[in-house]
Protein chains: 2
Amino acid sequence: MPQKTIICTVDVVLLCLRGSTLHVALWRRDRPPFEGSLALPGGYIHSEEDVDTLDAATRMLRAKTGLESPYLEQLGTFSGAGRDPRGWSISIAYYALVPVELIEADQAPGLILMPVDQLKGLPFDHKDIVLAAVQRLRNKSSYSSLPVHLCGERFTLPRLQAVYEAILGEPINKVSFRRKMDEFDMLEPVEGAFETGRANRPAQLYRLKAAYRQSLSVTPRAFLAGS
Amino acid sequence: MPQKTIICTVDVVLLCLRGSTLHVALWRRDRPPFEGSLALPGGYIHSEEDVDTLDAATRMLRAKTGLESPYLEQLGTFSGAGRDPRGWSISIAYYALVPVELIEADQAPGLILMPVDQLKGLPFDHKDIVLAAVQRLRNKSSYSSLPVHLCGERFTLPRLQAVYEAILGEPINKVSFRRKMDEFDMLEPVEGAFETGRANRPAQLYRLKAAYRQSLSVTPRAFLAGS
DNA sequence: CAAATAGTGTCTATAAGACATTATTGG
DNA sequence: CCAATAATGTCTTATAGACACTATTTG
């Protein structure tokens, strides 16, 4: 035996934007430790069935939320003797982005959305993990197309800009924003589809080009260079 | 028993610049599997003595290279059933940057430097891990002060620029480069110290300000915006 | 003094931001 | 027509890059 057994788990930080506030999806633990607490969806790696930890995270997400293929990326690994009362443990954390409608339009009965700025009482080091995910999201959003994954299948440019602004916490110049989206070249207008109903000019609906479903566009210059 | 035992290891990608070529430090394995092969320095997590995986990586680095506190950062976790013949395994990979002199001026007898573009025959998925580290280094170097950690304690600006150019693979405008270093505000001139000996104006020697030993300066605009 | 490279000044080109204008809807 | 917001044109400002010039050394 090369080592005392180390507890190997995977946790998923599932983020979405409700209104203009980032939320994380939590579920109520149904077994010890911390049974009954709200925590990140996660669990043991199943070495018999999981090909790797990404596969484990996908399985966990599917089991607990019904989601099939959201944007999903490895965040980092959290480890040590102190984070789990059962002993020395490792959690490989992933983060996922989904449009809030997919969670609210309840495929995922057990999930509870919590604003990421008001987390309290999370077990393990789950608060640290969530904060790391939010930091990653904010950072990547400043120079990439990542936030599109928080929008639904069709969305307008003003809506997408509002999503960026909610994540980054600052207004973005409209002209610059549109230039950047154009440069990213990842959106295509849905022919003849507009968002109507309000007393103003209708906004063109866009969708993500197929090639960008799992990849990102990046710019060498960040939004909000000043911050 | 919640799971079949998973093999938990830590591997370190120790990078340095020899001439203008990135090299990775490998050591010859002294036990199975792949005994005798050149591989990344790494090994089992020791849950009795390591506080966490960063601590394990530090221990490994100290044991195999004698290095005490190089720049060290978590790279990511590599996992799965196929990467280790002993079974389902996890490697939490870290990468470290050091001035090449620290390796050549042999504190580290067992280490062999290999150019990162000519890796072959590495066991496990160590080639993937090295390539991921190089990609991380290149990416971060394009907008941060990370490459200073490949220089020794004192260095000139032309030398630092050459380091950036070696990593990024393209020439950088001298004026822009110096403006950026000035903006980073992480260097201080060593009073009265110059690099002399060649038939030209001597170059001012600089050192990293103490506050930046473990942190980075970043710019919202990348070097080489065009690439 | 010639050759070499360090270090700086300055002009040009490019990209971001401010602001104004036009477009199109509902009421 | 008015209010509201989408979409775009255009001017201003900020940053990056090109290039030239000065500075300081060795031989």
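Preceding this paragraph is the structure being described.
Peer 1: If you had to explain the protein's contact with DNA strand D to someone new, which residues and values would you point to?
Peer 2: Residues in close proximity to DNA strand D total 22 residues, the closest being N200 and Q204 of chain A together with R179, K180 and R201 of chain B. Take the atoms of DNA strand D that sit within 4 Å of the protein: sugar and phosphate atoms are 60% of them. Here A199 of chain A contributes a backbone N or O atom positioned 3.0 Å from a base nitrogen of DNA strand D. Separating a base nitrogen of DNA strand D from a side-chain N or O atom of N173 of chain B is a distance of 3.0 Å. By residue number, the principal contributor to the surface near DNA strand D is helix α5 (residues 174-184) of chain B, which donates four residues.

Peer 1: Can you explain the protein's contact with DNA strand C? Please cite residues and give values.
Peer 2: The full set close to DNA strand C counts 22 residues, and R179 and K180 of chain A together with K174, N200 and Q204 of chain B are the nearest of them. Sugar plus phosphate: this is where 59% of the atoms of DNA strand C within 4 Å of the protein reside. Within the side chain of K174 of chain B, a nitrogen or oxygen atom sits 2.7 Å from a base nitrogen of DNA strand C. Mapped by element, the contributors of at least two residues to the surface near DNA strand C are α5 (174-184) of chain A together with α5 and β10 (203-208) of chain B. Per-element accounting of the surface near DNA strand C gives the leading share, four residues, to α5 of chain A. In terms of residue class, the surface near DNA strand C is built from eight nonpolar, five polar and nine charged.

Peer 1: Can you break down the relation of the copies chain A and chain B residue by residue, with the values?
Peer 2: Laying chain A over chain B is done by rotating through 180° and shifting 0.0 Å along the axis; what remains is an RMSD of 0.1 Å. The operation mapping one copy onto its partner corresponds to a two-fold rotation axis. Closest to the rotation axis within chain A is the C-alpha of R221 of chain A, separated from it by 2.2 Å. Take the interface residues of chain A: 100% of them recur as interface residues in chain B, which is what a same-surface contact looks like.

Peer 1: I'd like to hear about the environment of L119 of chain B, residue by residue, with values.
Peer 2: All names here are of chain B. Tracing the backbone through its elements, the reader meets L119 in the loop between β7 (111-115) and α3 (126-141). On a C-alpha basis, the gap between L119 and V24 in space is 9.3 Å, while along the polypeptide they are 95 residues apart. Residues in contact with L119, not counting those within four places in the same chain, are V24, M114, K127 and V130.

Peer 1: An account of α5 of chain B is requested, with residue identities and associated values reported.
Peer 2: Residues and elements named next belong to chain B. Within α5 the residues assigned to the buried category are F177, K180, M181 and F184. What you see down the axis of α5 is that its buried residues fit within an arc of 100°, all on one side. Away from its buried face, by an angle of more than 90 degrees, α5 presents the exposed residues R179 and D182. Where α5 is buried, its residues meet α4 (157-168). The N-cap residue of α5 is N173: its side-chain oxygen and the backbone nitrogen of V175 are 3.0 Å apart. Where α5 terminates, the next one or two residues include D185, which has phi positive at roughly 60°.

Peer 1: Outline the packing of α3 of chain B against α4 of chain B, listing residues and values.
Peer 2: Residues and elements named next belong to chain B. It is the contact of α3 with α4, at a shortest axis distance of 9 Å, that shows an interaxial angle of 130°. As judged from the angle between their axes, α3 and α4 are oblique. Handedness of the α3/α4 crossing: left-handed. On the side of α3, the interface is formed by L137, R138 and S141, while α4 contributes Y164, I167 and L168.

Peer 1: Residue-level account of the packing of aromatic side chains, with values.
Peer 2: Residues and elements named next belong to chain B. Summed over the entire model, instances satisfying the criterion amount to 10 aromatic pairs over all chains. With a centroid separation of 5.0 Å and an interplanar angle of 50°, the aromatic rings of Y164 and F223 are classed as tilted. Pair noted here: Y164 is in helix α4 and F223 is in the segment after β10, with a separation of 59 residues, a long-range link. The class for Y164 is buried, based on a relative accessible area of 0%.

Calculation criteria
- Residues numbered from 1 in each chain as written.
- Chains lettered and ligands numbered in written order.
- Predicted model: local features only at pLDDT ≥ 70, side-chain atom pairs only at ≥ 80, totals over all residues.
- Heavy atoms only, no water.
- Near = heavy atom within 4 Å.
- Polar contact = N/O pair within 3.5 Å; in protein donor to acceptor, adjacent residues only side chain to side chain.
- Helix = DSSP H or I, 4+ residues; strand = E, 2+ residues; numbered from the N terminus.
- Nonpolar A, V, L, I, M, F, W, Y, C, P; charged D, E, K, R; others polar.
- Least-squares fit on C-alpha atoms with pLDDT ≥ 70 in both.
- Contact = heavy atoms within 4.5 Å.
- Buried < 20%, exposed > 50% of the residue type's maximum accessible area, 1.4 Å probe, protein only.
- Arc of directions from axis to C-beta.
- Axes fitted to C-alpha atoms, helices over the stretch in contact; angles between N-to-C directions.
- Parallel < 35°, antiparallel > 145°, perpendicular 65-115°, else oblique.
- Left-handed = near helix turned anticlockwise from the far one by under 90°.
- Phe/Tyr/Trp six-rings, centres within 6.5 Å; stacked < 30°, edge-to-face > 60°.

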